[in-house]
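Each chain, written out:
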4 protein chains.
Amino acid sequence: MIVNMRGDATEEQVDHIVARIKECGCQAHLIHGEERTVIGVVGDIAQHRSELETLRAASGVEEVVTISHPFKLAARSVRPEGSVIDLGKGVTIGGPKIVVAAGPCAVESKEQIESVAASVAKAGATLLRGGAFKPRSSPYSFQGMGEEGLKLLRGAADKNGLLLVTEVMDASQIEVMLPYVDVMQVGARNMQNYHLLRALGEIERPVLLKRGMSATLEELLLSAEYIMSGGNYKVILCERGIRTFDTYLRNTLDIAAIPVIKQLSHLPIVADPSHGTGRRDKVAPMARAAVAAGADGLIIEVHPNPERALSDGVQSLYPGQFAELMDEVRAIAPAVHREV
Amino acid sequence: MIVNMRGDATEEQVDHIVARIKECGCQAHLIHGEERTVIGVVGDIAQHRSELETLRAASGVEEVVTISHPFKLAARSVRPEGSVIDLGKGVTIGGPKIVVAAGPCAVESKEQIESVAASVAKAGATLLRGGAFKPRSSPYSFQGMGEEGLKLLRGAADKNGLLLVTEVMDASQIEVMLPYVDVMQVGARNMQNYHLLRALGEIERPVLLKRGMSATLEELLLSAEYIMSGGNYKVILCERGIRTFDTYLRNTLDIAAIPVIKQLSHLPIVADPSHGTGRRDKVAPMARAAVAAGADGLIIEVHPNPERALSDGVQSLYPGQFAELMDEVRAIAPAVHREV
Amino acid sequence: MIVNMRGDATEEQVDHIVARIKECGCQAHLIHGEERTVIGVVGDIAQHRSELETLRAASGVEEVVTISHPFKLAARSVRPEGSVIDLGKGVTIGGPKIVVAAGPCAVESKEQIESVAASVAKAGATLLRGGAFKPRSSPYSFQGMGEEGLKLLRGAADKNGLLLVTEVMDASQIEVMLPYVDVMQVGARNMQNYHLLRALGEIERPVLLKRGMSATLEELLLSAEYIMSGGNYKVILCERGIRTFDTYLRNTLDIAAIPVIKQLSHLPIVADPSHGTGRRDKVAPMARAAVAAGADGLIIEVHPNPERALSDGVQSLYPGQFAELMDEVRAIAPAVHREV
Amino acid sequence: MIVNMRGDATEEQVDHIVARIKECGCQAHLIHGEERTVIGVVGDIAQHRSELETLRAASGVEEVVTISHPFKLAARSVRPEGSVIDLGKGVTIGGPKIVVAAGPCAVESKEQIESVAASVAKAGATLLRGGAFKPRSSPYSFQGMGEEGLKLLRGAADKNGLLLVTEVMDASQIEVMLPYVDVMQVGARNMQNYHLLRALGEIERPVLLKRGMSATLEELLLSAEYIMSGGNYKVILCERGIRTFDTYLRNTLDIAAIPVIKQLSHLPIVADPSHGTGRRDKVAPMARAAVAAGADGLIIEVHPNPERALSDGVQSLYPGQFAELMDEVRAIAPAVHREV
């Protein structure tokens, strides 16, 4: 950690900072430059990180530069070889196999979900996706089928040998969801819902944590850290597009987040090109790009009749399109030493 | 609502859309242009809005353009003269008086909060602000004093004739907070925590709803709509800075949001130049700008000893600086026909 | 084109708009909805586009919605099969072959450029890249070798059977550059330098047009249109990263721009993962992603001694790394039915 | 300057960096922390800034942190009291008086410009604004009247005792413009057109430099530095809105840029709420906000008949609205110890 003093900082101000650094049990190294004094801080910084960072509020301080990352359990150095997470029924993510989850935005009926589940299973998906509790920006939009939806999802998954990933919106839903769900999804809007994250840290079920619409990767990893610090290490990250000035597509899928996360963390990362683009015909090229960049998996929206979907119809693939996408992904995977 | 067909849409595709529009109980007006056919939709669109919008997923459709806003209760047209909200003890917001809330980021001790409360009351603040439950991006940061903090906040507010605004992070906290709190604050990270918003719709206490870091103003108003659709109309909006490419300051305070909200909605809007800038010396100019642009109030962080603050020290004013800021705001207010 | 009148628009205001539409030689179709009147405009809109769009400044008008794109010559519909552009010496771009340009950010000396040219040619590059005129944000940074640099670049390219792409910063440089350069590059900062674009429209040399840091894809295509409207149709677009809130990397490479451009335009598009990431170790995964998403080519920075580079050392590959990247691209290409 | 070595950097790598620092004539101070080694660089860093910064490309280096700003002549420290720039005819900017420029986006005819000039002069403007050379995103839009327009602008300005500010798009236009123009405006799209900036550094006429749509404030000041390093110190900066995810208005006017520039630089700064909002009814509140935040001036679009304007009609004020805005600004100015 480095404390940059202002050019006009007084000797008293420098001494004060040095004293505060010692108060935190660290050592201060002074470097007197031509323009200003810089103080290098050495010692157990992690232990006193926030107290030391607050010194930027002291008189005479220009900036406090922290070099190390604030996340610990999620850091690559904890498991340099990368985490392989067991999702159940012999399925793992983070290893050589690219794992694909597919299904509708929301479960709408028994017929709908069973039809989708059958088709995505046949095309090679490993997990069924579909929401029973739906976060919608308008209170007047369809809010999901609730527990009845969970039952339909579970039934359709089991009938087709699929695992089930579905979204949890509030800590109070966890108990009702546990009997049905293999992977608990945290949506982008809830990435910093710390009550929910802490509650998910206390269960053992894997969590798929989506990046918030304007979250930095450090913030994403800190949210993972909330879950992991409770004891649940089974966290899968998901890049689903960020909000930028560009409005042609719904979001800007930040493909570079994949190699950056691989460098910073040992956690697996998947991509969601459906939300990441918001347009059906852009899903396949972005799915290919994500795999080429090193993604551990994909999560794809598929609906048998998109124009009658109760949500996200515009970005949902027809089942036949999903089967084609799987063929494309199968062609790309070996080039990055992966398989589907 | 307008449905733009693609240039290569077939007659069957156009007919199909017309049939679907009628199915929704609306009328379709066809306009055959040189390049494409456009369909105007007339009737009770609000009733079938999402079904009609999903037609953009149908074959042959280029885009569905919705003209009206999706929020209803929050719309300006509901109360063209603007809402004046009663906060208790005779204080109202949305009228001629500019209401100022001030206090530390978090309550840390009895001494701290009583000292701040006394100084901000003396300088002219009407509400005390301060968090007892703190949403922090790192699980290793100070998370707030909880209920003990609520008691200290209430005591300090009462002793100084102030109302109290403090953040609620989860629906499960509402009950414990109600005996202590005058205005329930929803933080930027929770702007789309719909469980929380629905729960706040069921109480009668005023809610200060902060704009999410990358939320559009339409999304902010839809979140207000979640609260209002439950029956609680006492919603105060808060512009607190958005995330942009510019990193010199912590956020970009979107001052234009103030007149835009005034046009779109009847709800009062306040500005938070502390989070909006993240730097102590930028708070006063941005507070002046917000008032000049028409804000109904301000929320300002003040701490007696910022360099030892457990959070947000860098953007907290010293009590003396807050008193100066109040003088500046008092000078600006009459120029916009307001008073402090 | 659709003119949405405000809910409170008067009959006179509607009549006025209808009259103005007729004045432009178009027809107006009125649709009277429950909330507002909408006017559909039919006829030769392209001819009067800006006059019609300015009607949004008239009283009673809420918004004017234009459906068609403002670019003409660059539109996909002009050449639905896509453009294949001849770069000289039998090299074409836009066809099945993925074209790779590689070289240093700037030419610095004869030794440097000849060493790089030899190594990238050996690894499979088709063009040599390298700047002789350098746009630098600081006036105190290295500004390039000028014409002397052009000579060195040409020599190194010829010796290794490469074509040469290099940046033109101002219309006044075109004449001196023509004898040396195969492809004229327009940098991101100059994407809307209309004098330069017009001047490039008057020559016959191919132009590589980089997307501005915050340019929409429509703006990029309009800049291409400036060149094409002068008669030079040999325009190659380049996605080189946009500016977003995310600061971990230098820019956010917008991979989705590739399939979007392919839909909107017939022009070839290449990706620049060097500027798009700003970090050497992120170049290869993003190059793979770009190819998987359908890019027609790549432009890559390579330097024999990055830490002594006069610019962009941090993002420059070592020659050996570039050879590895070419192998990875060769592995991906067949999966998208391309070759290198 | 600080060089942060990676946690796994070898002793040789550290020694190499120390040697390179000495090669640049600076001293290296090593701080050995628990996690990594940090090297403080002391000496004449400014002289070797870019060479030292390129060390981030060397093996074993995590990051090079530069503390000082790269601009020199524009820095506040050069003239702590702030620059007051003489625009001619006794008008200065940067002092107590708030200077207002007003007029149409483009000069369109003698009648138009004389009518606007008379009305804005009467309302209190000091400069006439209006473009004769127009940068338009589409090659098919109105491109300005050229030199004929300059004559009309000069005539209208003289007749009404106004100074004239108008945009220069290319270095080749400077000569033709000099006889007519008091202040040369550089548009947002040309903020990094370095040829133009250098050419403007060689004349003595004041320059109004607009911030690019996605330029950081450091980049804006570096562009000012290009002009100043040529000897022309008369640079006035202009905040005109940045591009963000928010699309309700055309741009996001970054009011905080005003106090930040005041801290970083001695140059005057004005605000352009017309381009900054893109909507006529948002211009006045944002003009008030800019003045309240400390702006030295305003530049406002006014047109006698906006719906027939050849450009920017939607954001142009009617002359009567401009007169009202001036009254509002006159009311705000004294509160910030300024006058109009």
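Note that the coordinates shown come from a computational prediction; the quantities given were computed from them, not determined experimentally. Per chain, the residues get numbers from 1 upward, laid out in the order the sequence is written. Ligands are numbered from 1 and chains lettered from A, in the order in which they are written. The model is predicted, so local features are restricted to residues of pLDDT at least 70 and side-chain atom pairs to those at 80 or more, both for listing and for counting; the totals for chains, interfaces and linings are taken over all residues. Only heavy atoms go into the side-chain values, all of them from the structure, while hydrogens and water stay out.

### Side note on the overall build of chain A
Here is the rule we go by: Numbered from the N terminus, helices here are DSSP runs of H or I no shorter than four residues, and strands are runs of E no shorter than two. Buried, partly exposed and exposed residues are distinguished by accessible area as a fraction of the type maximum, computed with a 1.4 Å probe on protein chains only: under 20%, between the cut-offs, and over 50%, respectively. When checking whether two residues touch, look at their non-hydrogen atoms; a contact exists if any pair is within 4.5 Å. All accessible areas in this document rest on Shrake-Rupley with a 1.4 Å probe, and a residue is counted as covered only by the protein chains that are shown. His is not counted, nor are the chain ends, whereas Lys and Arg count as positive and Asp and Glu as negative. Positions of charges follow a simple convention, taking NZ of Lys, CZ of Arg, CG of Asp or CD of Glu.
In terms of regular secondary structure, chain A is built from eleven helices and 14 strands. Seen through its C-alpha atoms, chain A measures out along the principal axes to roughly 75 × 40 × 40 Å. Evaluated residue by residue, chain A yields a buried proportion of 64% over its 340 residues. Looking at chain A alone, contacts between residues at least 24 apart form 67% of all its contacts between residues at least 6 apart. Carbon and sulfur atoms make up 48% of the accessible area of chain A, which amounts to about 11,200 Å² in all. Here chain A contributes 36 positively and 42 negatively charged side chains, and the mean placements of these two sets differ by 7 Å.

### With respect to the pairing of strand β10 (residues 183-186) of chain C
All names here are of chain C. Defined as follows: By the convention used here, strands pair only if DSSP detects at least 2 bridges between them. Throughout, right-handed denotes a crossover for which the path from the first strand over the helix to the second runs clockwise when the strands point away from the viewer.
In β10, alternate side chains face the same way, and those of Val 183 and Gln 185 on one face and Met 184 and Val 186 on the other are all buried. Here strand β9 (residues 163-167) runs beside β10; their pairing, made up of three bridges, is parallel. Paired with Thr 166 across the bridge in β10 is Met 184. Note that β10 and strand β11 (residues 207-210) share three bridges and pair parallel. Residue pairing across strands places Val 186 opposite Leu 209, the latter belonging to β11. Remark: the β10/helix α6 (residues 194-201)/β11 crossover connection has right-handed handedness.

### Details of the interface of chain A and chain B
Put simply, the rule is: A 1.4 Å probe defines the accessible area here, and the buried area is the portion of it lost by two parts on being joined, summed over both. For this document, the term salt bridge refers to a Lys or Arg side-chain nitrogen within 4 Å of an Asp or Glu carboxyl oxygen.
Facing 50 residues of chain A, the contacting portion of chain B comprises 50 residues. Across the chain A to chain B interface the summed buried area is about 4,300 Å²; carbon plus sulfur atoms make up 45%. The largest share of the area that chain A buries against chain B comes from A:Tyr140, A:His195 and A:Glu307, three residues that together contribute 15% of it. A salt bridge links A:Arg243 to B:Glu219, with the nearest nitrogen and oxygen atoms 2.7 Å apart.

### Examining the packing of helix α10 (residues 280-292) of chain A against helix α8 (residues 257-264) of chain C
In helix packing, the relevant descriptors are the interaxial angle and the interaxial distance, both defined with respect to the helix axes. Selection rule: For helices, the axis comes from a line fit to the C-alpha atoms of the stretch in contact; other axes are also lines fit to C-alpha atoms, and the angle between any two N-to-C directions lies between 0 and 180 degrees. Convention used here: angles under 35 degrees read as roughly parallel, angles over 145 as roughly antiparallel, angles from 65 to 115 as roughly perpendicular, and any remaining angle as oblique. Should the near helix be turned anticlockwise from the far one by less than a right angle, the crossing is termed left-handed; should it be turned clockwise, right-handed. Amino acid classes used here: Ala, Val, Leu, Ile, Met, Phe, Trp, Tyr, Cys and Pro are nonpolar; Asp, Glu, Lys and Arg are charged; the rest, including Gly, are polar.
Look at α10(A) against α8(C): their axes get within 9 Å of each other, and the N-to-C directions meet at 135 degrees. Here α10(A) is positioned oblique relative to α8(C), judged by the angle of their axes. Taken as a pair, α10(A) and α8(C) cross one another with a handedness that is right-handed. Across the interface between the two elements, A:Asp281, A:Lys282, A:Pro285 and A:Met286 of α10(A) pack against C:Pro259, C:Val260 and C:Gln263 of α8(C). Residue classes in the contact of α10(A) with α8(C) are distributed as four nonpolar, one polar and two charged.

### With respect to the relation of the copies chain A and chain B
Selection criterion: Here the copies are matched by least squares. The fit uses the C-alpha atoms of residues with pLDDT of at least 70 in both.
For the pair chain A and chain B, the best superposition has an RMSD of 0.0 Å and corresponds to a rotation of 180 degrees with a translation of 0.0 Å parallel to the axis. What we have between these two chains is a two-fold relation. Among all residues of chain A, the one whose C-alpha sits closest to the rotation axis is A:Ser214, at a distance of 3.0 Å.

### Some words on the pattern of salt bridges
Taken as a whole and judged by the stated rule, the model has 104 salt bridges over all chains. Residue A:Arg129 pairs with A:Glu301 through a salt bridge whose shortest N-O separation is 3.5 Å. Taken together, the residues span a long stretch of sequence, with A:Arg129 in strand β8 (residues 127-129) and A:Glu301 in strand β14 (residues 297-301) at a distance of 172 residues. Accessibility expressed as a relative area gives 4% for A:Arg129, which makes it buried. Here D:Arg279 ties to C:Glu63 by a salt bridge, and the two come within 3.8 Å at their closest N and O atoms. Of this pair, D:Arg279 sits in the loop between α9 (273-277) and α10 (280-293) while C:Glu63 sits in strand β4 (residues 61-65), on two different chains.

### With respect to the sheet that holds strand β12 (residues 235-239) of chain C
As a general point, the strands of a sheet are linked pairwise by backbone hydrogen bonds and lie either parallel or antiparallel. Residues and elements named next belong to chain C. In space, the eight strands of this closed barrel follow the order β7-β8-β9-β10-β11-β12-β13-β14, with parallel pairing throughout. Going across the sheet, the axis of each strand differs from the next one's by a mean of 25 degrees, ignoring polarity. Of the strand pairs in this sheet, strand β13 (residues 269-271) and strand β14 (residues 297-301) are connected by two bridges, and their pairing is parallel. Residue Ala 271 lies in a different strand from β14, and its bridge partner there is Leu 298. The strands that α8 touches are β12 and β13; relative to β13, the one it contacts most, it runs at about 170 degrees.

### Focus on the packing of α6(C) against helix α7 (residues 217-228) of chain C
Residue and element names in this part refer to chain C. Orientation of α6 relative to α7, taken along the N-to-C sense of each, is 45 degrees, at an axis distance of 6 Å. Considering the angle they form, α6 stands oblique to α7. In this structure, α6 uses Tyr 194, Leu 197, Arg 198, Leu 200 and Gly 201 to contact α7, whose residues at the interface are Ser 223, Tyr 226 and Ile 227. Class assignment for the residues of the contact of α6 with α7 results in five nonpolar, two polar and one charged.

### Thoughts on helix α8 (residues 257-264) of chain A
A large share of α8(A) lies buried, amounting to six of its eight residues. Buried-residue contacts for α8(A) involve α7 (217-228), β12 (235-239), β13 (269-271) and α10 of chain A together with α10 (280-292) of chain C.

### With respect to the nonpolar core
Heads up, the rule is: Side-chain atoms within 4.5 Å link the members of a nonpolar core, which is a set of buried Ala, Val, Leu, Ile, Met, Phe, Trp, Tyr and Cys residues.
Counting residues in hydrophobic clusters, the biggest one holds 341 residues, and the most contacted among them are A:Phe322, B:Phe322, C:Ile300, C:Phe322, D:Ile300 and D:Phe322. It is α10(D) that provides the largest number of residues to this core, a total of nine residues. Apart from the residues lying within four places of it in its own chain, the contact partners of D:Phe322 are D:Val100, D:Ala102, D:Val120, D:Ala123, D:Ala125, D:Ile300, D:Val302 and D:Leu317. Of all hydrophobic cores here, the second largest spans 18 residues; its members include C:Ile17, C:Cys24, C:Cys26 and C:Ala58.

### Section: the packing of aromatic side chains
All names here are of chain A. We apply this condition: Note on aromatic pairs: the rings of Phe, Tyr and Trp (six-membered ring only in Trp) are paired at centre separations within 6.5 Å, and the planes decide the class, stacked below 30 degrees, edge-to-face beyond 60, tilted for the rest.
Under the criterion given, the structure shown has four aromatic pairs over all chains. Aromatic pair Tyr 194 and Tyr 226: ring centres 4.4 Å apart, planes at 20 degrees, arrangement stacked. Placement of Tyr 194 in helix α6 (residues 194-201) and of Tyr 226 in helix α7 is noted, with a sequence separation of 32 residues between them. Tyr 194 sits in the buried class, given a relative accessible area of 2%.

### Some remarks on helix α1 (residues 11-23) of chain A
Quick reminder: α-helices carry 3.6 residues per turn. Residues three or four places apart thus point the same way. Residues and elements named next belong to chain A. Just so we agree on the cut-off: Multiplying one less than the number of residues by 1.5 Å gives the expected span of a helix. Arc definition: directions from the helix axis to the C-beta atoms.
Helix length check: α1 (13 residues) gives 18 Å between terminal C-alpha atoms against 18 Å at 1.5 Å per residue, within 8%. Three or more residues of α1 are buried, namely Val 14, Ile 17, Val 18, Arg 20 and Ile 21. Mapping the buried residues of α1 onto a view down its axis gives an arc of 160 degrees, with all of them on the same face. Across from the buried face of α1, at angles greater than 90 degrees, the exposed residues are Glu 11, Glu 12 and Lys 22. Elements that come into contact with the buried residues of α1 comprise β1 (2-5), β2 (27-32), β3 (37-42), α2 (45-53) and β4 (61-65). Within two residues after α1, Gly 25 carries a phi angle of roughly 80 degrees, on the positive side.

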